[in-house]
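# Understanding the architecture of this molecule
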Amino acid sequence: MEAMKETVDQSLREMRDTFASGRTRSVKWRKTQLEAIIEMVKDNEDKMCDVLFQDLGKHSTEAFRDELGFVMRSATTALNSLDKWVVPRKSNLPLLFYPATGKVISEPYGTVLVLSSWNFPISLSLDPMIGAISAGNTVLLKASELSPNASALLAKTIPSYLDNKAIKVIEGGPDVATILLQHQWDKIFFTGSPRIGKIIMAAAAEHLTPVTLELGGKCPTIIDHHSVSKDMKSVVKRISGGKWGSCSGQACISVDYVLVEQSFASSLIEMFKPVIKSFFGENPKESGCVARIVTKKHFQRLSRLLNDPRVQASIVYGGSMDEEKLYVEPTILLNPPLDSEIMNEEIFGPVLPIITLRDIQESIGFIKSKPKPLAIYAFTKDEKLKTRILSETSSGSVTFNDVMIQYMCDALPFGGVGESGMGRYHGKYSFECFSHEKAIMEGSLAMDLEARYPPWNNFKLTFIRLAFREAYFKLVLLMLGLKR
Ligand SMILES: NC(=O)c1ccc[n+]([C@@H]2O[C@H](COP(=O)([O-])OP(=O)(O)OC[C@H]3O[C@@H](n4cnc5c(N)ncnc54)[C@H](O)[C@@H]3O)[C@@H](O)[C@H]2O)c1
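Everything quoted here is computed from the prediction, not taken from an experiment. (Residues numbered from 1 in each chain as written. Predicted model: local features only at pLDDT ≥ 70, side-chain atom pairs only at ≥ 80, totals over all residues. Heavy atoms only, no water.)

Moving on, we come to the sheet that holds strand β9 (residues 257–261). Strand pairs in the sheet, formed through backbone hydrogen bonds, run parallel or antiparallel to each other. Taken together, seven strands build an open sheet; the order of strands is β10-β13-β14-β9-β8-β15-β16 and the sheet is mixed. With partners counted over all chains shown, the strands left at the sheet margins are β10 (315–317) and β16 (397–400), one partner each. In this sheet, neighbouring strand axes are inclined to one another by 25° on average, regardless of whether the strands run parallel or antiparallel. With four bridges joining them, strand β13 (residues 331–334) and strand β14 (residues 351–357) adopt parallel strand pairing. Across the sheet, residue Leu334 finds its bridge partner in β14, namely Ile354. Its contacts with the sheet put helix α14 (residues 383–392) on β8 (220–223), β15 (375–379) and β16, and the angle it makes with β16 is roughly 170°. (Pairing = 2+ DSSP bridges. Helix = DSSP H or I, 4+ residues; strand = E, 2+ residues; numbered from the N terminus. Axes fitted to C-alpha atoms, helices over the stretch in contact; angles between N-to-C directions. Contact = heavy atoms within 4.5 Å.)

If you want it as structure tokens, here you go:
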């Protein structure tokens, strides 16, 4: 670890020197790096798909959709928008401040730390990096030790494409993260669990470093079957895609559980079965389209959740597991006990609990009784229910009539609230996430208002009262001696 401490010190020194040189502030440098990221992903598509298969058993199509393609799109958006994003924004100052002018400029924080998680190890590493570079920062990435092949590939490839005096990768687990967190950073961007998020925030507090925490939680999905009865095929397909089609449910925005009226539950279960078969065939384990559980520890966590006898009794589909292959079959539960672990911790696996309610309106109270989720999904055409969801619940995002798609849409901010995180990124929001918005005011020395300065008297007090209210006409009367 002494050697690692030395490496971190040296890396940080180099990145700080590079930032101080001003190189990373130039738009040209930022664009060159963004182009290099696109080139790196293009050149290494096969290798990246290979490591995602080795670490997670991801099919290359899934890997391209969720990681490589996503990153290239994100870098391209930044590249095409950067000229617009960096332009200082003029502020229209109230007349009160005349003749001063105002504007806001986005300045890079400096040297930022990105800590990413294992479930989308390429995109969750490179996408924050794209934001950090766009904003003109130097950046150090530590990917997750639980996706070691992806982490090693990034550590090997990034230095040969990007400016390695400004952009660095260090590999390692919690011990390395701890060393990194002992240093002062200008911004920390963390993707991971709420538990570790607290450690990150505590370490950041030591130096008053701003943090973005992209955390997880349980994302509920409401099915208001009355209003979407004609579209149930698509509803079931979309939920199935959201639960089983992306890293086997090991995604922060995956559908965690479904809320539906009791009367519709058994029809719903029957509708899921053929969809799962159409996705993965009769034997999902051999389909090549089911990502595996990341580690034995995570597999054992899932088996512990499922092996609760009360949860076992709620299995209505699937439920088989293979520890050697780290495989969990797409599984559906009907009404597992609400006090069971599976209903209280983020599932992060291919298990879908269906919770029944007497009336779908009760879903609002159900969701409100839990920590604020990263996403709420609701299949409904009932405008009143939509309004209730938006006004009575709090979550990172709400998506009506679809799942997970909000993540891909970089015109929308992505991030959590409460236990699901703080801060947001994607598209322009990534640029803002890694920029300090500096307020610039330019005053004029041409005139001075005596009312600003002591000695105080009633005239000045009246003047200040009117000024705060922007009562300009009365101010003129006051100054002309026509008002007291
Ligand atoms: N909001 C999002 O965008 C998003 C995306 C993916 C995953 N997640 C969440 O991440 C979690 C799963 O990811 P994970 O298992 O990699 O999370 P994690 O919190 O265990 O690890 C995340 C990162 O923190 C580091 N870390 C681990 N222990 C540490 C310690 N003691 N001190 C400092 N750093 C430490 C890891 O090395 C890794 O780089 C889930 O909760 C999921 O919802 C959120």
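Turning our attention to the pattern of salt bridges. Across all of its chains, the model carries 28 salt bridges by this definition. For Arg358, the salt bridge is made with Glu362, and the minimal N-O distance between the two is 3.0 Å. Under the relative-accessibility criterion, Glu362 is labelled partly exposed at 29%. (Salt bridge = Lys/Arg side-chain N within 4 Å of Asp/Glu carboxyl O. Buried < 20%, exposed > 50% of the residue type's maximum accessible area, 1.4 Å probe, protein only.)

Here we take up the UniProt feature "active site" (unreviewed entry) in the protein chain. In the numbering used here, UniProt assigns the "active site" (unreviewed entry) feature to Glu214 and Cys252. A stretch of 39 residues holds the annotated residues, and the largest C-alpha distance among them is 9.0 Å, short enough that they meet in one place. Within the secondary structure layout, Glu214 lies in strand β7 (residues 211–214). When residues no more than four places from it in sequence are discounted, the contact partners of Glu214 are Phe189, Phe190, Thr191, Gly192, Phe414, Gly415, Gly416, Ser420, Gly423, Arg424 and Tyr425. Inspection of the secondary structure puts Cys252 in the loop between α9 (232–244) and β9. Note on Cys252: relative accessible area 19%, which makes it buried. Excluding residues that lie within four positions of it along the chain, Cys252 makes contacts with Asn119, Leu215, Gly216, Gly217, Cys219, Glu346, Phe348, Leu374 and Phe414. (UniProt positions renumbered as here; feature names shortened; annotations may be inferred.)

In the sheet, strand β1 (residues 89–91) pairs with strand β2 (residues 101–108) via three bridges, with the strands oriented antiparallel. Within the sheet, the bridge partner assigned to Arg89 lies in β2 and is Val104. Of the strand pairs in this sheet, β2 and strand β18 (residues 435–442) are connected by eight bridges, and their pairing is antiparallel. From the neighbouring strand, Val104 faces β18, where its bridge partner is Ala439.

Counting 89 residues, the largest nonpolar core has Ile158, Leu268 and Phe272 as the members making the most contacts within it. At ten residues, helix α4 (residues 60–85) tops the list of elements feeding residues into this core. Residues lining this core come from more than one domain, with at least three contributed by each of domain 1 (1–214 + 419–447) and domain 2 (218–413). Discounting chain neighbours no more than four positions away, the residues touching Ile158 are Met40, Leu126, Met129, Leu141, Ile167 and Val169. Judged by nonpolar contacts, the second largest core, of 26 residues, contains Leu259, Leu302, Phe366 and Ile367. (Core = buried A, V, L, I, M, F, W, Y, C linked by side-chain atoms within 4.5 Å. Domains from an automatic or database assignment.)

Going through the model one piece at a time under the given rule, you end up with three cavities of 30 Å³ or more. Considered as a void within the structure, the largest cavity measures approximately 60 Å³ in volume. Sorting elements by how many residues they give to the lining of the largest cavity places α4 first, with three residues. Residues of the lining of the largest cavity, tallied by class, amount to two nonpolar, three polar and three charged. A volume near 40 Å³ is recorded for the second largest cavity. Within the residue set of the lining of the second largest cavity, elements represented by two or more residues are α4 and α5 (123–134). (1 Å grid on protein atoms, 1.4 Å probe; cavity = no way out; pocket = protein on both sides within 12 Å on 5 of 7 lines; lining within 4 Å. Points joined across faces, edges and corners; volume = space filled by probe spheres on them. Nonpolar A, V, L, I, M, F, W, Y, C, P; charged D, E, K, R; others polar.)

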